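# Commentary on secondary and tertiary structure
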Amino acid sequence: MADIADRVAGEVSKVVYGLEEELRIILAALLVGGHVLLEGVPGVAKTTLAKALASSLRLGFRRIQFTPDLLPSDIIGTMVYDQRSGEFRLRRGPIFTNVLLADEINRASPRTQSALLEAMQERQVTVEGETLPLPEPFLVIATQNPVELEGTFPLPEAQLDRFLVKVSIPLPGREVLRRILRGLETIERWPVEPVAGREELIEARKAIWGVEVSDPVLDYIIDIVEASHQHPDVRLGASPRAAIALQQLSRALAAMEGRDYVIPDDVKRAARHVLPHRLILSPEAEAEGRRPEEVVEEIIRRVRVPVP
């Protein structure tokens with residue numbers, strides 16, 4: 001598992017600089033079958049990161065630019081009449097791929113956003129009453145701009161909860177920006193090569209279940225989830241699905257570090273990406289400018305860490 005992670009990280013780093021931790025969180029989400037919400041201003045390599053990840057794993061990649069006039073059929077597909085056979089046939093949409101980049105997902109209408117719900121949860125879509133399975137693995141990487149809110153439709157809680165993790169892509173620092181400018185020719189050549197395949201990825205997924213979560217660590221996960229309900233700035237805390245996501249992502253992070261057991265540091269690292277987008281703050285906290293990420297950090301500091 002650690003070998004796959006290192007190979008993929010090394011390959012993606014040929015075209016994406018300074019996002020090593022973000023890449024590993026996304027890869028961990030893929031390993032446990034979760035979906036990713038990427039948040040960042042335009043031009044910080046969100047699309048390049050998703051494309052490079054798919055290329056390094058020899059996975060199919062499709063990108064959809066979400067707009068207010070986008071329809072569910074533009075994503076899933078539609079039935080079209082075949083004049084030769086005299087029958088209706090399914091014209092499959094871009095959702096039939098391994099890695100789907102939903103670019104600026106919050107620009108589409110709620111109706112179109114909800115078209116992804118069944119696909120993300122059930123790994124299938126329904127067209128004209130016919131249920132069709134999606135390719136395995138299937139990963140949705142959705143992006144949204146945290147600054148530009150005009151003309152957008154905020155994702156509802158049910159949709160947000162479908163994303164295993166939320167990853168914020170920061171603006172690059174001076175040295176990373178220097179590397180980007182120096183490496184433009186390399187990026188244009190697109191040197192990313194497959195270093196693992198679908199079969200290896202599926203086997204790695206199975207191995208995740210073999211990573212042990214001891215009772216003290218399990219209690220630590222539960223304590224963090226319960227603390228999210230008790231925090232005075234939180235109106236709605238983490239759900240049972242969030243607890244499952246926290247455990248599974250912790251397992252993947254442990255495996256990527258070469259361990260077959262989870263430690264509290266894995267849980268802390270996972271919590272920073274699993275919990276913030278699932279917490280709903282109180283109106284008073286929002287009025288004060290509080291952010292869910294700050295609340296999660298407070299919870300991590302306050303909850304007692306189990307002693308080995």
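Bear in mind that the values here come from a model prediction, so they are computed numbers and not experimental data. (Residues numbered from 1 in each chain as written. Predicted model: local features only at pLDDT ≥ 70, side-chain atom pairs only at ≥ 80, totals over all residues. Heavy atoms only, no water.)

### Topic: the overall build of the protein
The secondary structure content of the protein amounts to 14 helices and eleven strands. Taken against the 2.2 N^0.38 rule, which gives 19 Å for 308 residues, the C-alpha radius of gyration of the protein at 20 Å falls within 12% of a compact globule. The C-alpha extent of the protein, read off along each of the three principal axes, is 70 × 45 × 40 Å. Counting the 308 residues in the protein, one finds 50% classified as buried. (Helix = DSSP H or I, 4+ residues; strand = E, 2+ residues; numbered from the N terminus. Rg over C-alpha atoms; globule rule 2.2 N^0.38 Å. Buried < 20%, exposed > 50% of the residue type's maximum accessible area, 1.4 Å probe, protein only.)

### Focus on a nonpolar patch on the surface
Side chains of Leu177, Leu181 and Leu184 sit close together on the surface and give an oily, nonpolar patch of about 280 Å² of accessible area. The residue leucine 181 is located in helix α7 (residues 174-182) in this model. Classification of leucine 181 by relative accessible area gives exposed; the value is 55%. (Patch = residues over 30% accessible without salt bridge, like charges linked within 9 Å, V, L, I, M, F, W, Y side chains within 5 Å. Areas by Shrake-Rupley, 256 points an atom, 1.4 Å probe, with all protein chains shown as cover. Salt bridge = Lys/Arg side-chain N within 4 Å of Asp/Glu carboxyl O.)

### Quick look at a negative patch on the surface
On the surface, Glu212, Asp215, Asp219, Asp223, Glu226 and Asp260 cluster together to form a negatively charged patch. Turning to its location among the elements, aspartate 260 is positioned in the loop between α11 (240-256) and α12 (264-274). (Lys, Arg positive; Asp, Glu negative; His and termini not counted. Charge placed at Lys NZ, Arg CZ, Asp CG, Glu CD.)

### A look at the sheet that holds strand β5 (residues 99-103)
With parallel pairing, five strands are arranged side by side in an open sheet as β2-β5-β8-β1-β9. Two strands lie at the open edges of the sheet, namely β2 (61-65) and β9 (165-168), each paired on one side alone. Each adjacent strand pair in this sheet contributes to an overall mean axis angle of 20 degrees, direction not counted. When strand β1 (residues 36-39) meets strand β8 (residues 139-144), the two strands line up parallel, connected through four bridges. Residue leucine 38 lies in a different strand from β8, and its bridge partner there is threonine 143. (Pairing = 2+ DSSP bridges. Axes fitted to C-alpha atoms, helices over the stretch in contact; angles between N-to-C directions.)

### Digging into the domain arrangement of the protein
Interface size, as often reported, equals the accessible area lost upon joining of the parts. Domain annotation of the protein identifies domain 1 (1-69 + 96-189) and domain 2 (211-302). Its C-alpha centre places domain 1 at a distance of 22 Å from the equivalent point of domain 2. Taken residue by residue, the interface counts 21 residues in domain 1 and 18 residues in domain 2. Looking at the side of domain 1 facing domain 2, the largest losses of area belong to Asp161, Leu164 and Lys166, adding up to 30% of the total buried there. The interface formed by domain 1 and domain 2 contains four salt bridges. Taking the shortest distance from any N to any O, the salt bridge between arginine 269 and glutamate 21 comes out at 2.9 Å. Scanning the region where domain 1 abuts domain 2 turns up seven residue pairs in polar contact (both at pLDDT 80 or more). Mapped onto the side of domain 1 that touches domain 2, the elements with two or more residues apiece are α1 (2-12), α2 (20-31), α6 (157-160) and β9. Per element, the largest residue contribution to the side of domain 1 that touches domain 2 is seven residues, and it comes from α2. In the side of domain 1 that touches domain 2, the residues fall into 14 nonpolar, one polar and six charged. (Domains from an automatic or database assignment. Contact = heavy atoms within 4.5 Å. Buried area = accessible area lost by both parts, 1.4 Å probe. Polar contact = N/O pair within 3.5 Å; in protein donor to acceptor, adjacent residues only side chain to side chain. Nonpolar A, V, L, I, M, F, W, Y, C, P; charged D, E, K, R; others polar.)

### Observations regarding the nonpolar core
Counting 74 residues, the largest nonpolar core has Leu27, Val36, Leu57, Ile141, Val165 and Leu246 as its most contacted members. No other element matches the nine residues that α11 contributes to this core. Both domains that meet at this core, namely domain 1 (1-69 + 96-189) and domain 2 (211-302), each give it at least three residues. Not counting residues within four places of it along the chain, the set of residues in contact with valine 36 comprises Ile26, Ala29, Leu139, Val140, Ile141, Ala142, Phe163, Val165 and Val167. Counting 26 residues, the second largest nonpolar core, distinct from the first, contains Phe96, Met120, Val140 and Leu155. (Core = buried A, V, L, I, M, F, W, Y, C linked by side-chain atoms within 4.5 Å.)

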